[in-house]
Structure formats: structure tokens, C-alpha cells
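The lines below spell out each chain.
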Amino acid sequence: MPRLDFYNEGDLFVQVNVEERPISFGRSSECDVVLSDPTVSRVHAEIHHRNMDYFLLDLSKNGTRLNSTLLTATEKAMSYGDRIYIGPYTIVFQKDGAPVNLGTTHTTIIDAAPVSKVK
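Quick notes on the rules
Residues numbered from 1 in each chain as written. Predicted model: local features only at pLDDT ≥ 70, side-chain atom pairs only at ≥ 80, totals over all residues. Heavy atoms only, no water. Phe/Tyr/Trp six-rings, centres within 6.5 Å; stacked < 30°, edge-to-face > 60°. Lys NZ or Arg CZ within 6 Å of the ring centre and 35° of its normal. Pairing = 2+ DSSP bridges. Helix = DSSP H or I, 4+ residues; strand = E, 2+ residues; numbered from the N terminus. Core = buried A, V, L, I, M, F, W, Y, C linked by side-chain atoms within 4.5 Å. Buried < 20%, exposed > 50% of the residue type's maximum accessible area, 1.4 Å probe, protein only. Polar contact = N/O pair within 3.5 Å; in protein donor to acceptor, adjacent residues only side chain to side chain. Contact = heavy atoms within 4.5 Å.

K.L.:
Before we move on, can you summarise the packing of aromatic side chains with the specific residues and values?
P.N.:
In the structure shown here, the tally under the stated rule is five aromatic pairs. A connected cluster of aromatic rings, assembled from ring pairs, spans F6, F13, F25 and Y89. One cation-aromatic arrangement involves R50 over F55; the distance from NZ or CZ to the ring centre is 4.1 Å.

In C-alpha cells:
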């Protein structure tokens, strides 16, 4: 099962085990993972599963960077190790059991079904 590692300015603050249901992230408390920064849209992006692949869907007005590509209102298939950049946040799409890539403080691990609201 894949995992999303959420970093804020280099510090890991939450890990989400990705199931088959979509995972949303943004400023809204309705999102699965809340990213509290004014540069983040209310519902900024979503990861969803289709067939055997996982996709990043940009839902923001300003776009979401996947590695070096800026997505604007589009989706793109993801590969393990991909990095998503939203404001001060970096989100790394990992294979379960992969080592942490950046800093390692204030970590909470949650499963996507149901996902806890994290601020």
C-alpha cells in the first residue's frame, strides 16, 4: 500500500497510508489532510486510485507542482518517489516501507480509511 509523507519546510509532520479511496488536501477542514497556509487553496489537490495506478489531480487556481511539472486543473499519473509541491509543503509519494526522505519531527501516521483531520 502506498504512503504519502507530508513535510512542512523540511520537517515530516504526517504520513498517510493510501487506500483505494481519494485523499484530499488543502486548507479546508473538509480535506483529509489540512495544510494551513494562505498559499494553499481550500481544496488544493487529490490523490486517487484507478486501475493499478495513482493519480494527482490539481483542484487549485494556482496549480500544483509534481516534480518539475506545473499541473493546472489536470491530473497526472504518479510514480513512487514523486514529489508534490504546494506552498511550503512537500508531499512524497512512497512505497510502503520506504525510508523517510527529509526531516523527521512531529510525525503522525494515519490510515486513509477513515483519515483523521491533521493541522
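K.L.:
A description of the sheet that holds strand β5 (residues 45-50) should follow, citing residues and the corresponding values.
P.N.:
Ordered in space as β4-β3-β5-β6-β9, the five strands form an open sheet in which the pairing is mixed. Bordering the open sheet on either side are β4 (33-34) and β9 (75-77), each of which pairs with just one other strand. Direction of pairing for strand β3 (residues 23-26) relative to β4: parallel, over a ladder of two bridges. Note that in β4 the partner of G26 across the bridge is V34.

K.L.:
Which residues make up the nonpolar core, and what are the values?
P.N.:
Side chains of nonpolar character tend, in soluble globular proteins, to be buried together. Ranked by size, the top nonpolar core spans 23 residues in total, and within it L4, F6, F25, L35, L56 and I84 carry the most contacts. When contributions to this core are tallied by element, the ones reaching two or more residues are β1 (3-8), β2 (11-17), β3, β5, β6 (53-58), β10 (83-86) and β11 (89-94).

K.L.:
Which residues make up the side chain of T64, and what values go with them?
P.N.:
Mapping T64 onto the fold places it in strand β7 (residues 64-66). You can call T64 buried: its relative accessible area is 0%. Only 3.2 Å separates the side chain of T64 from the side chain of H44, close enough to count as a polar contact. Setting aside residues no more than four positions away along its own chain, T64 makes contact with H44, A45, L56, D58, T69, L70, L71, I84, Y85 and I86.

Any link to function would need more than the numbers given here.
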